[in-house]
Amino acid sequence: MALVAPPDLDRSASVPPLSVLDTLQQLTRALNSQRGISSDDKLSGGYVWLIDDQAERRWCLQWLGRTVEWATKKWIECESDEWEQVAETASKLTAELCGKSASGAVQRRVALWKHSGDLLLLGGIAVHEPSFVHADVGCRTWGAAILLARRIARQSIDISMHRRCIELGSGTGLLGLAVGCVLQGLVGASVTMTDYLPVLIQAARDGARSNGLLDNGTAVPMRLDWFELARQITEQGCTGDEQSAIALPAASYMDTVDRDATAAGTEWEGRVEPTLSAEESKGAFDLVIAADVLYEIEHCRVISLLANHLLADAKPGTRSAVSTPPRFILTTPLRSTHLREVAAFEAEMAALPAMRLVSRDDSTRADDLDAWISSMRNEYSAAMLASDQSLAKAIDEDAGDLLVYRTFIYERLLAEATPF
Ligand SMILES: C[S@@+](CC[C@H](N)C(=O)[O-])C[C@H]1O[C@@H](n2cnc3c(N)ncnc32)[C@H](O)[C@@H]1O
């Protein structure tokens with residue numbers, strides 16, 4: 001018979017583990033159904049949490065936390081398998097219910113492939129993902145970074161002619177690290193990986209070290225706050241075009257990120273990160289890359305302004321001569337909740353006379369990988385492709401990401417070509 005409330009753990013002495021397990025089973029079923037998995041078996045016991053309701057979800061998390069504590073204590077006291085099962089199940093459900101916010105910092109490998117020789121795999125790029133508490137939205141590697149990193153690694157987007165690259169909002173750093181792997185060994189080539197949260201600069205540094213890109217200077221983690229730099233650019237009139245007259249809107253990220261807290265301070269574990277000034281960064285790069293950085297309306301203006309500035313005509317000695325125009329490559333998810341931001345970004349970019357859109361395409365991760373695999377079929381047998389375990393894992397993971405991603409490539413016209 002269904003209970004009218006979750007088992008009361010405070011009067012735990014009388015609570016049999018089975019009634020708690022029944023409630024945990026109900027919760028498992030609710031989470032399964034959220035992921036599209038339904039089950040036929042009828043459950044009669046246990047409390048049915050309404051996990052779509054925010055308040056009930058929070059209450060459920062509290063109950064689970066107490067369950068883990070309480071069952072672990074019981075398990076130590078009487079070494080019963082039932083209590084062990086209760087503690088384990090409650091821990092797993094807590095993690096699933098909270099998603100990434102429940103887990104601490106983790107390291108993971110993301111597989112990327114290149115198209116050369118008979119070896120498909122570029123290798124697993126090691127990324128360090130900090131906890132949500134410390135890194136906010138930067139705590140995980142987002143789908144846009146995965147899609148663009150794949151394209152760059154396999155050279156569907158060829159960046160090998162660039163030498164001075166900068167990534168904006170690098171987060172855990174997958175994209176910058178992929179660029180670093182492609183540029184590694186090319187004389188004078190480097191990628192500056194930037195974010196504003198010191199914990200994420202540390203994540204980029206850890207990633208650069210793990211992938212052999214730090215000590216040889218291929219990847220250079222650095223602090224760069226878009227709004228700080230944009231303020232300097234506009235105050236000092238560094239842009240040289242109409243953008244300098246536009247006052248920046250108040251950024252809503254200021255409301256959500258407590259800049260005095262450890263997560264957002266300028267220091268992490270006693271280290272103060274260097275940053276780039278408007279003057280030294282002007283025209284210092286020939287490639288700007290970014291993934292999933294358009295999630296506030298203010299980002300659209302600031303990101304376009306920065307790209308224009310970072311790729312501006314180089315001061316002598318700041319950028320190695322490249323025969324190819326400087327480029328800005330950005331991938332953004334088309335979340336139904338953020339289409340306004342994407343449209344605003346496109347409008348901002350279109351208003352920049354020196355920036356020319358050279359390509360814009362939409363794709364899911366799954367379609368992108370599928371198209372690439374199909375193009376490989378002439379050279380690699382189906383059996384060989386199928387035997388690539390990391391490819392199979394990626395196909396599996398992609399199936400869970402239904403978002404369409406838009407990738408833009410802009411070229412920065414140099415002074416003589418700019419129609420001012
Ligand atoms: C959605 S995450 C994307 C991270 C990474 N590019 C990826 O796709 O996995 C957005 C990133 O932008 C960074 N960010 C947000 N506001 C910023 C600002 N004002 N200056 C610099 N970075 C910022 C966040 O810290 C976060 O790492």
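Residues numbered from 1 in each chain as written. Predicted model: local features only at pLDDT ≥ 70, side-chain atom pairs only at ≥ 80, totals over all residues. Heavy atoms only, no water.

1. Some thoughts on the packing of helix H13 (residues 365-376) against helix H15 (residues 389-399)
Consideration 1: Between H13 and H15, the shortest axis-to-axis distance is 9 Å and the interhelical angle comes to 145°. For the pair H13 and H15, the sense of crossing is left-handed. Residue-level inspection shows Arg365, Ala366, Leu369, Trp372 and Ile373 of H13 in contact with H15, the latter providing Leu391, Ala394, Ile395, Glu397 and Asp398.
Consideration 2: Residues of the contact of H13 with H15, tallied by class, amount to 7 nonpolar, no polar and 3 charged. (Axes fitted to C-alpha atoms, helices over the stretch in contact; angles between N-to-C directions. Helix = DSSP H or I, 4+ residues; strand = E, 2+ residues; numbered from the N terminus. Left-handed = near helix turned anticlockwise from the far one by under 90°. Contact = heavy atoms within 4.5 Å. Nonpolar A, V, L, I, M, F, W, Y, C, P; charged D, E, K, R; others polar.)

2. Structural notes on the site of the ligand
Consideration 1: Of all residues adjacent to the ligand, which total 20 residues, the nearest are Trp142, Gly169, Asp195, Trp226 and Ala291.
Consideration 2: Aspartate 195 places a polar side-chain atom, nitrogen or oxygen, 2.6 Å from an oxygen atom of the ligand.
Consideration 3: Contact distances for the ligand include 3.0 Å between a nitrogen atom and a backbone N or O atom of tryptophan 226.
Consideration 4: Against a free-state accessible area of 590 Å², the protein chains account for coverage of 98% of the ligand.
Consideration 5: Its residues assigned to classes, the shell around the ligand shows 11 nonpolar, 5 polar and 4 charged. (Near = heavy atom within 4 Å. Polar contact = N/O pair within 3.5 Å; in protein donor to acceptor, adjacent residues only side chain to side chain. Areas by Shrake-Rupley, 256 points an atom, 1.4 Å probe, with all protein chains shown as cover.)

3. Things to note about unusual backbone geometry
Consideration 1: Phi at glutamine 155 takes a positive value of approximately 65°, unusual for a residue other than glycine.
Consideration 2: Residue position: glutamine 155 is located in the loop between helix H5 (143-153) and strand S3 (164-168).
Consideration 3: The exposure class of glutamine 155 is partly exposed, given its relative accessible area of 44%.
Consideration 4: The backbone phi angle of aspartate 292 is positive, close to 55°, even though this residue is not glycine.
Consideration 5: Following the sequence through the fold, aspartate 292 ends up in the loop between strand S8 (287-291) and helix H11 (297-310). (Buried < 20%, exposed > 50% of the residue type's maximum accessible area, 1.4 Å probe, protein only.)

4. Comments concerning the pairing of S8
Consideration 1: In terms of burial, S8 is a largely internal element, 5 of the 5 residues being buried.
Consideration 2: Across the two faces of S8 the burial is the same, with Leu287, Ile289 and Ala291 and Val288 and Ala290 all buried.
Consideration 3: As paired strands, S3 and S8 are joined by 4 bridges and run parallel to one another. By the bridge assignment, isoleucine 166 is partnered in S8 with valine 288.
Consideration 4: Two strands pair when backbone bridges link them, and S8 and strand S9 (residues 327-333) are joined in this way by 5 bridges, in the parallel orientation. Residue pairing for S9: leucine 287 is matched across the bridge by arginine 327. (Pairing = 2+ DSSP bridges.)

5. Things to note about the sheet that holds strand S10 (residues 355-363)
Consideration 1: Spatially, 7 strands are ordered S5-S4-S3-S8-S9-S11-S10 in an open sheet, and the strand pairing comes out mixed. Both edges of this open sheet fall to strand S5 (219-223) and S10, since each of them pairs with a single strand only. Averaged over all neighbouring strand pairs, the angle between strand axes comes to 15°, with direction disregarded.
Consideration 2: Pairing of S9 with strand S11 (residues 405-412), which is carried by 7 bridges, proceeds in the antiparallel orientation. Looking at the pairing, threonine 332 lines up with arginine 406 of S11.
Consideration 3: On top of the sheet, helix H6 (residues 174-183) reaches S3, strand S4 (190-195) and S8; it is set at about 170° to S4, its chief contact.
Consideration 4: Its contacts with the sheet put H11 on S3, S8, S9, S10 and S11, and the angle it makes with S3 is roughly 170°.

6. A word on the packing of helix H8 (residues 226-236) against H11
Consideration 1: Put simply, H8 and H11 touch, their axes get as near as 10 Å, and they point 60° apart. Compared by their axis directions, H8 and H11 come out oblique. Crossing geometry of H8 relative to H11 is assigned as left-handed. Contact residues: Trp226, Phe227, Leu229, Ala230, Ile233 and Thr234 in H8; Glu298, His299, Val302, Ile303, Leu305, Leu306 and His309 in H11. (Parallel < 35°, antiparallel > 145°, perpendicular 65-115°, else oblique.)

7. Observations concerning the packing of aromatic side chains
Consideration 1: Applying the stated criterion across every chain yields a total of 11 aromatic pairs.
Consideration 2: Between phenylalanine 345 and tyrosine 410, the aromatic rings sit 6.2 Å apart at their centres with planes inclined by 80°, giving edge-to-face as the arrangement. With phenylalanine 345 in helix H12 (residues 339-350) and tyrosine 410 in strand S11, this residue pair connects regions lying 65 residues apart in the sequence.
Consideration 3: A residue is classified by how much of its surface remains accessible, and phenylalanine 345, at 0% relative accessible area, is buried.
Consideration 4: Residue classification places tyrosine 410 among the buried residues on the basis of a relative accessible area of 4%.
Consideration 5: Cluster of aromatic residues (ring-pair linked, three or more members): Tyr47, Trp49, Trp59 and Trp63.
Consideration 6: Its end group placed over the ring of tryptophan 142, arginine 140 keeps NZ or CZ at 3.9 Å from the ring centre. (Phe/Tyr/Trp six-rings, centres within 6.5 Å; stacked < 30°, edge-to-face > 60°. Lys NZ or Arg CZ within 6 Å of the ring centre and 35° of its normal.)

8. Some points on the confidence of the model for the protein
Consideration 1: Summing up the model confidence of the protein, the mean pLDDT is 81 and the portion of residues at 70 or higher is 79%.
Consideration 2: The secondary structure element of the protein with the lowest average pLDDT is helix H9 (residues 253-256), at 42, and the one with the highest is S8, at 98.
Consideration 3: Note that residues 242-247 has pLDDT below 50 and, in this model, 10 contacts with residues that lie over four places away or in other chains.
Consideration 4: In this model, residues 251-265 is a region of pLDDT below 50 whose contacts with residues beyond four sequence positions or in other chains number 27 contacts. (pLDDT = per-residue confidence, 0-100.)

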